[in-house]
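Chains, contacts and geometry: an overview
Here is what each chain is made of, one letter per residue.
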Amino acid sequence: VNRMVKLASQPRRRPAPPPAEDATTRERLLDAAHAVFLQHGTAGARTQDIANTAGVNKALLHYYFGTKQALADAVFARQVHEFFPRIARIMGDESMAIADKVHAVVREQIDFHTARPYLAPYLAAELHADPTRLAAVLRRSGPPPLDVLDRQLAAAARRGEIRAISARHFMLNLIGMVMLPCVMRPAVSVRLGLSREAFDAVIDERRRRVPEFFLAGLRP
């Protein structure tokens, strides 16, 4: 009896993955989840559909991620770690003019969210429901390198080319102008009577309109 009690009190070991699976299985599942999320969104996606798309059984999906929520978090984390370094490279490029950075940041954001329309609403919903979980993912990306941009903005303001503005407000304003319609995509689409194709066309048009509007607002 004592032996049975002792065994029952020990934590269960996680079963080993099936030997037929290799190290690419996790990435294949993430790719499959991305494809299913594109079609159905995170709320409407089923784990069975994701497993079918990846060509594995559902038990294997649960082995690697446990729940659909954990899988969605993993998809988000992978996308964040792909996206933020691109923006960091733009901000940290001392040879790139401010106007060129505005166009580049807008282009990167629109390309990113157009390819992942489910991601911005998911991010907003999850940060509201549990700020700590996804905030931890964002923190792992590290702080944005704003020192170069701060120096450029300060120098341009001294020359009278732009209004004085900090790099933080510069980035908040610029990212917000692109990000907000993507976060509010379902509401914006209903309110403005936009089909999926029409919404995508509006967002694509903002590649030109946002930089024009933003740079006009910087002029003294």
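1. Let's talk about the overall build of the protein chain
- Within the protein chain, the regular secondary structure consists of 12 helices and zero strands.
- Evaluated residue by residue, the protein chain yields a buried proportion of 35% over its 220 residues.
- Total accessible area on the protein chain stands at roughly 13000 Å², and carbon and sulfur atoms take up 58% of it.

2. Focus on the packing of aromatic side chains
- Considering all chains together, one arrives at five aromatic pairs under this definition.
- With centroids separated by 5.2 Å and ring planes inclined at 90°, the aromatic side chains of Tyr 63 and Tyr 64 adopt a geometry described as edge-to-face.
- Through pairs of rings, three or more aromatic residues link up here, namely Phe 83, Phe 84 and Phe 112.

3. Quick look at the pattern of salt bridges
- Enumeration over the complete set of coordinates arrives at 12 salt bridges.
- Across the salt bridge formed by Arg 151 and Asp 147, the nearest N and O atoms sit 3.9 Å from each other. Separated by four residues within a single helix, Arg 151 and Asp 147 lie in helix α9 (residues 147-158), roughly one turn from each other.
- Residue Asp 147 is classed as partly exposed on the basis of its relative accessible area of 44%.
- Here the salt bridges do not stand alone but share partners, grouping Glu 27, Asp 31 and Arg 78 into one network.

4. Considerations on the packing of helix α10 (residues 167-183) against helix α12 (residues 196-218)
- Contact pair α10 / α12: the axes reach a minimum separation of 10 Å and the direction vectors enclose 160°. In terms of orientation, α10 and α12 fall into the roughly antiparallel class. For the pair α10 and α12, the sense of crossing is right-handed. Mapping the contact onto sequence places Phe 170, Asn 173, Leu 174, Met 177, Val 178, Pro 181 and Cys 182 in α10 and Phe 199, Ile 203, Arg 206, Val 210, Phe 213, Phe 214 and Leu 218 in α12.

5. A few points about the nonpolar core
- Counting residues in each nonpolar core, the largest one holds 56 residues, and the members touching the most others are Phe 37, Ile 50, Phe 170, Met 171 and Leu 174.
- It is helix α5 (residues 68-91) that contributes the most residues to this core, 11 residues altogether.
- Not counting chain neighbours up to four residues away, the residues in contact with Phe 37 comprise Thr 42, Ala 45, Ile 50, Ala 72, Val 75 and Tyr 118.

6. Comments concerning the environment of Ala 157
- Relative to the elements of secondary structure, Ala 157 occurs in helix α9.
- Overall, the relative accessible area of 24% leaves Ala 157 in the partly exposed class.
- With residues near it in sequence (within four places) discarded, Ala 157 still touches Ile 162, Arg 163 and Ala 164.

7. Quick look at the packing of helix α3 (residues 47-54) against helix α4 (residues 58-65)
- At a closest axis distance of 8 Å, the pairing of α3 and α4 adopts a crossing angle of 100°. Regarding the angle of α3 to α4, the classification is roughly perpendicular. For the pair formed by α3 and α4, the contact residues are Thr 47, Gln 48, Ile 50 and Ala 51 on the first element and Lys 58, Leu 61 and His 62 on the second.
- A class-by-class count of the residues in the contact of α3 with α4 yields three nonpolar, three polar and one charged.

8. Some points on the side chain of Thr 47
- Looking at the element boundaries, Thr 47 is found in helix α3.
- On the basis of relative accessibility, which here comes to 15%, the residue Thr 47 falls in the buried class.
- If we skip the residues at most four places from it in the chain, Thr 47 touches Lys 58, Leu 61, His 62 and Lys 68.

9. With respect to helix α7 (residues 119-129)
- Looking only at α7, the buried set comprises Leu 119, Ala 120, Tyr 122, Leu 123 and Glu 126. The buried side chains of α7 occupy one side of the element, clustering within an arc of 155° when seen end-on. Turned more than 90 degrees away from the buried face of α7 sit His 128 and Ala 129, all of them exposed.

10. Section: the environment of Asp 49
- Summarising the element assignment, Asp 49 is placed in helix α3.
- Between the C-alpha atoms of Asp 49 and Ala 33, which are 16 residues apart in sequence, the distance is 8.6 Å.

Thresholds applied
Residues numbered from 1 in each chain as written. Predicted model: local features only at pLDDT ≥ 70, side-chain atom pairs only at ≥ 80, totals over all residues. Heavy atoms only, no water. Helix = DSSP H or I, 4+ residues; strand = E, 2+ residues; numbered from the N terminus. Buried < 20%, exposed > 50% of the residue type's maximum accessible area, 1.4 Å probe, protein only. Areas by Shrake-Rupley, 256 points an atom, 1.4 Å probe, with all protein chains shown as cover. Phe/Tyr/Trp six-rings, centres within 6.5 Å; stacked < 30°, edge-to-face > 60°. Salt bridge = Lys/Arg side-chain N within 4 Å of Asp/Glu carboxyl O. Axes fitted to C-alpha atoms, helices over the stretch in contact; angles between N-to-C directions. Parallel < 35°, antiparallel > 145°, perpendicular 65-115°, else oblique. Left-handed = near helix turned anticlockwise from the far one by under 90°. Contact = heavy atoms within 4.5 Å. Core = buried A, V, L, I, M, F, W, Y, C linked by side-chain atoms within 4.5 Å. Nonpolar A, V, L, I, M, F, W, Y, C, P; charged D, E, K, R; others polar. Arc of directions from axis to C-beta.

Taken by themselves, the reported measurements are silent on function.
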